[in-house]
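# Observations on the model geometry
The primary structure of each chain is shown beneath.
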Amino acid sequence: MNQPWAEVIGDPIAQSKSPAIHGYWLEQLGLSGAYDRCHVAMADLPEYIALRREDANWRGCNVTMPHKQAVLPLLDSVEPLAARIGAVNTVLRNANGRLTGANTDAPGFMEPLAGRRFEAVTVIGAGGAARAVLAALAEAGVAWVSVQNRNHEKAAALLEEFGLPGQAYGLGEQVPIADLLVNTSALGMAGHPPLPHVLDDVADHGVVYDIVTTPLETTLLKEARMRELEAIDGLAMLIGQADIAFARFFGVKPPRDQDAALRVHILQDSPQ
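Let me begin by describing the structure that accompanies this report. As a convention, each chain's residues are numbered from 1 in the sequence order in which they are written. Local features in this predicted model are restricted to residues of pLDDT 70 or higher, and side-chain atom pairs are both shown and tallied only at a pLDDT of 80 or more, whereas totals for entire chains, interfaces and linings draw on every residue. The basis for every side-chain value is the complete set of non-hydrogen atoms in the structure, without hydrogens or water.

This part takes up the overall build of the chain. Secondary structure is summarised from DSSP: a helix means a run of H or I of at least four residues, a strand means a run of E of at least two, and numbering begins at the N terminus for each. Within the chain, the regular secondary structure consists of nine helices and twelve strands. Computation of the radius of gyration draws on C-alpha atoms alone. For the globule rule, the value is 2.2 Å times the number of residues to the power 0.38. Relative to a compact globule of 272 residues, whose C-alpha radius of gyration would be 19 Å, the chain shows 19 Å and is just as compact. Expressed as lengths along the three principal axes of its C-alpha atoms, the size of the chain is roughly 55 × 40 × 35 Å. Buried means the residue's accessible area, taken with a 1.4 Å probe over protein chains only, is under 20% of the maximum for its type, while exposed means over 50%, and partly exposed covers the values in between. Put simply, the chain has 272 residues, and 50% of those count as buried. Contacts are assigned to residue pairs that have any heavy atoms within 4.5 Å of one another. Across the chain, the fraction of contacts at a sequence separation of at least 24, relative to all contacts at a separation of at least 6, is 66%.

Core analysis: the biggest nonpolar cluster contains 33 residues, and Phe 109, Leu 134, Leu 137, Val 145, Leu 180 and Tyr 209 have the highest contact counts within it. When residues of this core are traced back to their parent elements, those giving at least two are helix 4 (105-110), strand 7 (120-124), helix 5 (128-140), strand 8 (144-148), helix 6 (152-161), strand 10 (178-183), strand 11 (202-210) and helix 8 (234-250). No other element matches helix 5, which puts seven residues into this core. In contact with Phe 109, other than residues within four places in its own chain, are Val 133, Ala 136, Leu 137, Val 182, Tyr 209 and Met 237. Note on terminology: a nonpolar core comprises buried Ala, Val, Leu, Ile, Met, Phe, Trp, Tyr and Cys residues joined through side-chain atoms within 4.5 Å. Among the nonpolar cores identified, the runner-up in size contains 22 residues, and Val 8, Ala 20, Leu 92 and Leu 238 belong to it.

The terminal C-alpha atoms of helix 5 lie 19 Å apart, and with 13 residues this matches the ideal 18 Å at 1.5 Å per residue to within 8%. Looking at the packing, one finds that the buried side of helix 5 touches helix 3 (80-85), helix 4, strand 7, strand 8, helix 6 and strand 10. Directly after helix 5, the chain includes Gly 141, whose backbone phi takes a positive value near 75 degrees. Every helix has an expected span of 1.5 Å times one less than the residues it contains.

What follows concerns the packing of helix 1 (residues 18-29) against helix 8. What counts as an axis is a line fitted to C-alpha atoms, over the stretch in contact for a helix, and the angles between N-to-C directions run from 0 to 180 degrees. Look at helix 1 against helix 8: their axes get within 10 Å of each other, and the N-to-C directions meet at 55 degrees. Considering their axes alone, helix 1 and helix 8 lie oblique with respect to each other. Seen along the crossing, helix 1 lies across helix 8 with a hand that is right-handed. Residues Ile 21, His 22, Trp 25, Leu 26 and Leu 29 of helix 1 lie in contact with helix 8, whose contacting residues are Leu 238, Ile 239, Ala 242, Asp 243, Ala 245, Phe 246, Phe 249 and Phe 250. In this count, Pro and Cys sit with the nonpolar residues alongside Ala, Val, Leu, Ile, Met, Phe, Trp and Tyr, while Asp, Glu, Lys and Arg are called charged and the others, Gly among them, polar. When grouped by side-chain class, the residues that make up the contact of helix 1 with helix 8 number eleven nonpolar, one polar and one charged. Should an angle lie under 35 degrees it is considered roughly parallel, over 145 roughly antiparallel, and from 65 to 115 roughly perpendicular; all remaining angles are considered oblique. Helix crossings are classified by the rotation of the near helix relative to the far one: an anticlockwise turn of less than a right angle makes the crossing left-handed, while a clockwise turn makes it right-handed.

All right, on to a nonpolar patch on the surface then. A cluster of nonpolar residues, Leu 29, Leu 31 and Val 252, forms a patch on the protein surface that exposes about 180 Å² of accessible area. With respect to the helices and strands, the residue Leu 31 is situated in the loop between helix 1 and strand 2 (34-39). In this scheme, patches are assembled from residues that exceed 30% relative accessible area and form no salt bridge. Like charges are connected within 9 Å, while nonpolar side chains (Val, Leu, Ile, Met, Phe, Trp, Tyr) are connected within 5 Å. To measure how exposed things are, a 1.4 Å probe is used in the Shrake-Rupley method; for residues, cover is taken only from the protein chains shown. Any Lys or Arg side-chain nitrogen located within 4 Å of an Asp or Glu carboxyl oxygen qualifies as a salt bridge.

In this section: the sheet that holds strand 9 (residues 166-169). The sheet built from six strands is open, its strands ordered 9-8-7-10-11-12 with parallel pairing. Looking at which strands have only one partner, the edges of the open sheet turn out to be strand 9 and strand 12 (230-232). Between one strand axis and the next, the sheet turns by 15 degrees as a mean value, whatever way the strands run. Here, a strand pair is defined by DSSP locating no fewer than two bridges between the strands. Examined bridge by bridge, strand 7 and strand 8 share five bridges and lie parallel to one another. By the bridge assignment for strand 8, Thr 122 is matched with Ser 146. Relative to strand 9, helix 6 is tilted by about 165 degrees, and along the sheet it contacts strand 8 and strand 9.

Applying the stated criterion across every chain, the model contains 14 salt bridges. Taking the shortest distance from any N to any O, the salt bridge between Glu 7 and Arg 52 comes out at 2.5 Å. Of this pair, Glu 7 sits in strand 1 (residues 5-10) while Arg 52 sits in helix 2 (residues 45-53), and the two are 45 residues apart along the sequence. With respect to class, Glu 7 is no different from Arg 52; both count as buried. Across the pair Asp 105 and Lys 68 runs a salt bridge, and its minimum N-O distance is 2.8 Å. One end of the pair, Asp 105, is in helix 4; the other, Lys 68, is in the loop between strand 3 (58-63) and strand 4 (77-78), with 37 residues separating them in the sequence. Taken together, the salt bridges that share partners define one network made up of Glu 111, Asp 243, Lys 253, Arg 256 and Asp 259.

Next up, the structure:
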């Protein structure tokens, strides 16, 4: 490929909305460049990284499951935020072929919450996405975080690791009333079990944020809107983290004044 290009890797990868996002921005800006998707099995990850390292036109890749942690030892350096989170979602290649790992998930998560302060937050899940969310909440100085997860010990360990005041709970257990509820788990995603009812523990002025993108309008968000709570869907975080990656891949900020049209484009590209 004789133009700057980037891609997203994972296993599976067909469901990724990243090509629709980056492709739209490239077209709107009239940039010479491309953004693709590439299926990479875990066993093939070292070979993939070695091959891409030698491609002078390759600017890097976004990384999704299951490679966000596995890619770490294959890189030349890891930025401090990614090291703190313990996961990389963006690999950047410099002109000398050196590869740096970054994480744009945490700032992408915070983008729709910018300028707001939350006293009590409930986070559902304790996987890789939860790590990025908890790192962002720690940076924001949240006063209390309840982490709900099937594995109570894992949830407690994350609170301790990120130095967050709070407590671990099992799924479905009553937690302190929160002004922000975040679902970082796969519960409610197409093909996965539904979330237990959790909205009784959200304040009347609260915000409900579900990072699931398939379906975009999850049952959790539907129920939140019925309660007239503010609801934030998974595209908000996805577009926010893509903004940062795009600028680093292609050297220019994307046209964020076109977010509404971008959302329509994404949904047409991958109907719910």
